[in-house]
There are 2 protein chains.
Amino acid sequence: MRIFCLDLEGVLIPEIWIGLAERTGIDALRATTRDVPDYNALMRQRLGLLEDHRLGMRDVEAVVATMAPLPGAREFLRWLRGQGPVIILSDTYREFAGPLMAQLDLPTLLCHSLVVDEDGRISDYRLRHPDHKRASVEAFRTLNFHVTAVGDSYNDIAMLQAADAGILFRAPAAVREEYPEFAAVEDYDALRDLVRNCGET
Amino acid sequence: MRIFCLDLEGVLIPEIWIGLAERTGIDALRATTRDVPDYNALMRQRLGLLEDHRLGMRDVEAVVATMAPLPGAREFLRWLRGQGPVIILSDTYREFAGPLMAQLDLPTLLCHSLVVDEDGRISDYRLRHPDHKRASVEAFRTLNFHVTAVGDSYNDIAMLQAADAGILFRAPAAVREEYPEFAAVEDYDALRDLVRNCGET
């Protein structure tokens, strides 16, 4: 029996921090681990920027609500949910992704969470598990699932390697070249065909 | 971070085999493990009955499509999906439950599967994992989730025991008496209150 594990940002929705940067005009929110390699330092910087601009959880939610899934993502996901259980494995925060999850018809999302004070200030974040994408795929395999995993970047590679079938979706050329063992596709039609063809044998 | 693991039949939808018995008039489909303690013998009997009455997958699907979730289940589930990820853990078969899952807005269902021939005959069944409810809850705990599990009968007890919080929903009196350690509720309003109050401390 198959299960599908999908990355979220880049596969079904745009990058949330980029969307926040664009919509708030706070350009420094575009920083990624390429700019600040220490993830914890990066998150402190991001939460500090939100605080400096007096943006609380409600403001962030309102901004994310103006974002939309990638074109075709909703239809693809609806089709995939007819093929077997779908679990979205993401390093985003549950509170950030909420409005976009509603637009995707509430798929099951396993991710991290924010600490929000009573006055709506985002005071901290909690990483549920340091390597949860890989660990989740391994857990589903111990439950006797045939796991197909789909991701787009370096932080998905461990998940793809742990899966029975790993697929790169719109991955940068560097990732595709470094990991030629994974099939790579650029649109949902090709992803649909690949998912159909990489099932249990 | 919380995750919710729910049994399906008796918690969100009626018993499917009973529904099939009622709608097809095949009274012998009402048999449960109380009547035929060996589950494999019971399943052989059920599939034999379907074959004797020339009922294939399409017929069963059409019958199940006339069934509906328990009153209030859809609204409860929608609310719960706003509280955290929800995984339905059931010993039903994916192909049977399909039409009812659509009526519940496609929640994530982990269960077993049937072997359906090209001509639609249900020729066999595959139990994915002998004890998947308990094993799934344990897996989610290793992924650092706080697990709340909800079930209604003996085959849910191992799952409830493995969870951080276990709740009986409309369980028979014998089950409630034998397992007084689990909170027991009879309707979705009470279940909602209990779910709110048994979270992480």
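Above: the structure in question.
What comes next concerns the included structure. (Residues numbered from 1 in each chain as written. Chains lettered and ligands numbered in written order. Predicted model: local features only at pLDDT ≥ 70, side-chain atom pairs only at ≥ 80, totals over all residues. Heavy atoms only, no water.)

### Let's talk about the pairing of strand E2 (residues 86-93) of chain A
All names here are of chain A. Within E2, seven of the eight residues are buried, which leaves it mostly tucked inside the rest of the structure. Note: strand E1 (residues 2-6) against E2, three bridges, orientation parallel. Counterpart to Phe4 in the pairing with E2 is Val86. Both E2 and strand E3 (residues 108-116) contribute to a ladder of four bridges, which runs parallel. Residue pairing across strands places Leu89 opposite Leu110, the latter belonging to E3. (Buried < 20%, exposed > 50% of the residue type's maximum accessible area, 1.4 Å probe, protein only. Helix = DSSP H or I, 4+ residues; strand = E, 2+ residues; numbered from the N terminus. Pairing = 2+ DSSP bridges.)

### A word on the interface of chain A and chain B
Contact residues are listed per partner, giving 30 residues for chain A and 30 residues for chain B. For the pair chain A and chain B, the two sides together bury roughly 2300 Å², of which 63% comes from carbon and sulfur. Three residues, Met1, Arg128 and Leu143 of chain A, lead the burial of chain A against chain B; their summed loss comes to 29% of the area buried on that side. Run the count over chain A and chain B and you get zero salt bridges. Among the secondary structure elements, those contributing two or more residues to the side of chain A that touches chain B are helix H4 (73-81), E2, E3 and helix H6 (132-142) of chain A. In terms of residue class, the side of chain A that touches chain B is built from 14 nonpolar, 11 polar and five charged. (Contact = heavy atoms within 4.5 Å. Buried area = accessible area lost by both parts, 1.4 Å probe. Salt bridge = Lys/Arg side-chain N within 4 Å of Asp/Glu carboxyl O. Nonpolar A, V, L, I, M, F, W, Y, C, P; charged D, E, K, R; others polar.)

### Describing helix H3 (residues 57-64) of chain A
Residue and element names in this part refer to chain A. Taken as a whole, H3 has its buried residues at Met57, Val60, Val63 and Val64. The buried side chains of H3 occupy one side of the element, clustering within an arc of 125 degrees when seen end-on. Close packing links the buried residues of H3 with helix H1 (16-24), helix H2 (39-52), helix H5 (94-103), E3 and strand E4 (122-126). (Arc of directions from axis to C-beta.)

### Thoughts on the relation of the copies chain A and chain B
Each of the two chain copies goes to the other by way of a rotation about an axis and a shift along it. Of the two same-sequence chains, chain A is brought onto chain B (RMSD 0.0 Å, axial shift 0.0 Å) by a rotation of 180 degrees. What the superposition gives is, in effect, a two-fold axis relating one chain to the other. Closest approach to the rotation axis among the C-alpha atoms of chain A is made by Ala139 of chain A, whose C-alpha sits 3.0 Å away. (Least-squares fit on C-alpha atoms with pLDDT ≥ 70 in both.)

### What about the sheet that holds strand E7 (residues 183-185) of chain B?
Strand pairing in a sheet takes place through backbone hydrogen bonds and is either antiparallel or parallel in direction. Residue and element names in this part refer to chain B. What the seven strands build is an open sheet, ordered E4-E3-E2-E1-E5-E6-E7; its pairing is mixed. Edge positions in the open sheet fall to strand E4 (122-126) and E7, since each of these has one partner strand only. In this sheet, neighbouring strand axes are inclined to one another by 25 degrees on average, regardless of whether the strands run parallel or antiparallel. Helix-sheet contacts for helix H4 (residues 73-83) involve strand E1 (2-6) and strand E2 (86-93), and the interaxial angle to E1 is about 150 degrees. (Axes fitted to C-alpha atoms, helices over the stretch in contact; angles between N-to-C directions.)

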